[in-house]
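Fold and contact review
Each chain, letter by letter, is given below.
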Amino acid sequence: MNFFFSVLQDAFFAALAGIGFASISNPPRNAYKYCAVISAFGHAIRYVLMHNDLHPANLIVGSFVAALGIGFLSVFFAMQAKCPPETFSFPSLLPMIPGMYAYRTVEGLVMCLFTQDEHLFNHYLYICTSNGFTCAFDVFGMVLGVTLPIFILNKISFKVTRYLN
């Protein structure tokens, strides 16, 4: 039961962040509820995959699968809202950006520049590259995961804003 509440809490805060990120791109008013639902769903998928007791997934795999779910839900909700799927998918992805890995990458780089000891330099270089690769592959997996459904379902996703007379 505690795991279920943790998933709900994670989904709730992801929904709030999704609404916040959607508000800066000025979508139609009816898009906010879809962004909240899609953000919560995607973040909950990643949380469940990463905190699974039987076989936990790493950050990159969890983010990729969650981005696939976000992409498919975005195409589905785009038909209902008559908005492009990107209106929902990109604000929904932003709460999953690995900010700590990016921060630690820059921190490791700065520490490399200001150290004189070779042993410390190698340590900070390792921190910089390890976090940098994790951040880059995570973002790449999310972008790939969210765009694949849009291209797979192109007959739906490219025609949602067309009106039939």
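Fair warning: this is a prediction, and the values are worked out from it, not measured in the lab.

What counts, and at which threshold
Residues numbered from 1 in each chain as written. Predicted model: local features only at pLDDT ≥ 70, side-chain atom pairs only at ≥ 80, totals over all residues. Heavy atoms only, no water. Helix = DSSP H or I, 4+ residues; strand = E, 2+ residues; numbered from the N terminus. Buried < 20%, exposed > 50% of the residue type's maximum accessible area, 1.4 Å probe, protein only. Patch = residues over 30% accessible without salt bridge, like charges linked within 9 Å, V, L, I, M, F, W, Y side chains within 5 Å. Areas by Shrake-Rupley, 256 points an atom, 1.4 Å probe, with all protein chains shown as cover. Salt bridge = Lys/Arg side-chain N within 4 Å of Asp/Glu carboxyl O. Expected span 1.5 Å × (residues − 1). Phe/Tyr/Trp six-rings, centres within 6.5 Å; stacked < 30°, edge-to-face > 60°. pLDDT = per-residue confidence, 0-100. Disulfide = S-S within 2.5 Å. Core = buried A, V, L, I, M, F, W, Y, C linked by side-chain atoms within 4.5 Å. Contact = heavy atoms within 4.5 Å.

Here we look at unusual backbone geometry
One non-glycine residue, Asn26, lies in positive phi territory at about 55 degrees. Positionally, Asn26 belongs in the loop between helix H1 (2-23) and helix H2 (31-50). For Lys82, which is not glycine, the phi torsion reads 55 degrees and is therefore positive. The residue Lys82 is located in the loop between helix H3 (59-81) and helix H4 (86-93) in this model. With a relative accessible area of 39%, Lys82 lands in the partly exposed category.

A short note on the environment of Lys155
Mapped onto the elements of the fold, Lys155 is located in helix H7 (residues 154-157). Counting along the chain gives 119 residues from Lys155 to Ala36, while the straight-line C-alpha distance between them is 25 Å.

Details of a nonpolar patch on the surface
A cluster of nonpolar side chains, contributed by Phe72, Phe133, Phe137, Phe140, Leu144, Leu148 and Ile152, occupies part of the molecular surface with about 710 Å² of accessible area. Among the elements that take part in the nonpolar patch, helix H6 (residues 118-152) stands out by supplying six residues, more than any other. Positionally, Phe137 belongs in helix H6.

Overview of H3
Over its 23 residues, H3 runs 31 Å from end to end, which matches the ideal 33 Å to within 8%, given 1.5 Å per residue. Positive backbone phi, at 55 degrees, marks Lys82, one or two positions downstream of H3.

Looking at the packing of aromatic side chains
All told, the structure shown has seven aromatic pairs when counted by the stated rule. Grouping aromatic residues by their ring pairs yields a cluster made of Tyr34, Phe76, Phe77 and Phe88.

Topic: the confidence of the model for the chain
Mean pLDDT for the chain: 91, with 96% of residues reaching 70 or above. Averaged over each element, pLDDT in the chain is lowest for H7 (75) and highest for helix H5 (residues 99-114) (95).

Brief notes about the state of the cysteines
Within the structure shown, the criterion is met by zero disulfides. Left unpaired, Cys112 is separated from the closest cysteine sulfur, that of Cys128, by 5.9 Å. A disulfide-free cysteine, Cys135 has its sulfur positioned 11 Å from the sulfur of Cys128, the nearest such atom. The class of Cys135 is buried, set by a relative accessible area of 14%.

Focus: the nonpolar core
By size, the foremost hydrophobic cluster in this structure holds 18 residues, and its most contacted members are Ile38, Ile70, Phe77, Phe88, Leu93 and Met96. Only H2, H3, H4 and H6 provide two or more residues apiece to this core. A per-element tally of this core places H3 first, with seven residues. Those residues in contact with Phe77, other than ones at most four positions away along the chain, are Tyr34, Val37, Ile38 and Phe88. In this structure, Ala11, Ala15, Ala40 and Ala44 belong to the second largest nonpolar core, which totals seven residues.

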